[in-house]
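Geometric and topological summary
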Amino acid sequence: MGEVRSAIEGVIEGKRASVDLALVVLLAEGHLLVEDVPGVGKTMLAKALGRSIACSVRRVQFTPDLLPSDITGVSIFNQETRDFEFKPGGIFANIVVGDEINRASPKTQSALLESMEERQVSVDGTTYLLEAPFMVVATQNPIEMEGTYPLPEAQRDRFMARIQMGYPTPAAELDMLDSHGTSDPLAALTPVTDAATLRGLIDAVKTVYVSPAVKQYLVQVVGATRSSRELRLGASPRATLQLLRASRAHAALAGRDYVSPDDVATLGVAVLAHRVLPSTDAQLARRTVTDIIAQAISSVHLPDRR
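Description of the structure in this document. (Residues numbered from 1 in each chain as written. Predicted model: local features only at pLDDT ≥ 70, side-chain atom pairs only at ≥ 80, totals over all residues. Heavy atoms only, no water.)

1. Brief notes about the pattern of salt bridges
Tallied over the entire structure, the rule returns 15 salt bridges. The partner of D203 in a salt bridge is K206, and the shortest N-O contact between them spans 4.0 Å. The partly exposed category is assigned to D203, whose relative accessible area is 46%. By relative accessible area, which is 47% here, K206 ends up partly exposed. One network of salt bridges, in which partners are shared, links E117, D157, R158, R238 and R275. (Salt bridge = Lys/Arg side-chain N within 4 Å of Asp/Glu carboxyl O. Buried < 20%, exposed > 50% of the residue type's maximum accessible area, 1.4 Å probe, protein only.)

This is the structure we're talking about:
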């Protein structure tokens, strides 16, 4: 995975934290929501991730006229065979990039739900399994919200983590002018591993040890979001499970075969912040959910490291 990280950083410069979180979500069999302004490399990150592991990548541009069948696929009558033939949609790939997901209608957005949760697609009474690894990387622009359909809480809850790319540092932006100014580094990116190896890594991550004390700490962290007066909607039980999976992957990337409380605390904001809703008082006080989640995590006592 260190080689995968290096390959991606050859395309996305100065974003180590975002790259690492994308790798964590990939190893934990989750999905990633990227919220940021245009032009900061949201789509490039997903493409570089797929290209570095020799996996199929499909990009779906979400628009108001996009139909659910454009995502899942449709059965078309074949005149030669006199039978219906299934044409797979954009969801049939290892890495699916959903650009500006909030621009599509709720009906189209919901076409992703079964795929993200059960890793399968049901069309005309037939169920098609999606090939592993499978990861949805959805992007949305938080600035231009006119004419958009905000993701409902039930769908946001299916994303394991949310990241914000942010603007690059002046030094990284200067390097970008040299590397991207004359050629496309994505075209020169060669795979450093394959899907079969990645499936083995995903299975290995599931064996990372989590002590009862760390599990108790994780439950208390999620519980702190439910009891906070600054939140009118706390994190769900699904969030608890996904925080556990992400913590295992984070520990594995760090070269450990056990999860520490620091893994949970480090991933808490990225995994929980997009699932909660601030209270009216918190909004009036201009408190962000990131600050509220960080405070909730710090309020939980760390378990004994012995």
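Right, picking up where we left off after that structure.
2. So, the packing of helix 10 (residues 212-227) against helix 12 (residues 261-272)
The N-to-C vectors of helix 10 and helix 12 enclose an angle of 30 degrees; their axes lie 10 Å apart at closest approach. Between helix 10 and helix 12, the interaxial angle falls into the category roughly parallel. Between helix 10 and helix 12 lies a crossing whose hand is right-handed. For the pair helix 10 and helix 12, contact is made by V214, Y217, L218, V221, V222 and T225 and by P261, V264, A265 and L272, respectively. (Axes fitted to C-alpha atoms, helices over the stretch in contact; angles between N-to-C directions. Helix = DSSP H or I, 4+ residues; strand = E, 2+ residues; numbered from the N terminus. Parallel < 35°, antiparallel > 145°, perpendicular 65-115°, else oblique. Left-handed = near helix turned anticlockwise from the far one by under 90°. Contact = heavy atoms within 4.5 Å.)

3. A look at unusual backbone geometry
Note: most peptide bonds trans; most residues except glycine with negative phi. P133 follows A132 through a cis peptide bond whose omega is -5 degrees. Along the chain, P133 turns up in the loop between strand 7 (126-129) and strand 8 (135-140). Positive phi is not limited to glycine here, since A54 has a value of about 55 degrees. In this structure, E100 takes a positive phi of about 50 degrees despite not being glycine. The exposure class of E100 is partly exposed, given its relative accessible area of 24%.

4. Regarding the nonpolar core
Within the largest apolar cluster, 69 residues are counted, with the highest numbers of intra-cluster contacts made by I8, L32, L45, M135 and L272. The element best represented in this core is helix 2 (residues 16-27), accounting for eight residues. Non-local contacts of L272, meaning those with residues more than four positions away in its chain, are made with V221, V222, T225, A235, A239 and I293. (Core = buried A, V, L, I, M, F, W, Y, C linked by side-chain atoms within 4.5 Å.)

5. Brief notes about the packing of aromatic side chains
Working definition: an aromatic ring pair is given by the centre-to-centre distance plus the angle between the planes. One pass over the structure, following the stated rule, counts four aromatic pairs. Here the aromatic rings of F86 and F92 are separated by 5.8 Å at their centres, their planes lie at 70 degrees, and the arrangement is edge-to-face. Ring plane angle 80 degrees and centroid distance 6.4 Å describe the contact between F92 and Y128, whose orientation is recorded as edge-to-face. Of this pair, F92 sits in the loop between strand 4 (83-88) and strand 5 (95-99) while Y128 sits in strand 7; the two residues are 36 residues apart in sequence, bridging distant segments of the chain. With a relative accessible area of 21%, F92 lands in the partly exposed category. Within the aromatic cluster, the residues linked to one another by ring pairs are F86, F92 and Y128. The side chain of R256 reaches across the aromatic face of Y258, ending 5.4 Å from its centre. (Phe/Tyr/Trp six-rings, centres within 6.5 Å; stacked < 30°, edge-to-face > 60°. Lys NZ or Arg CZ within 6 Å of the ring centre and 35° of its normal.)

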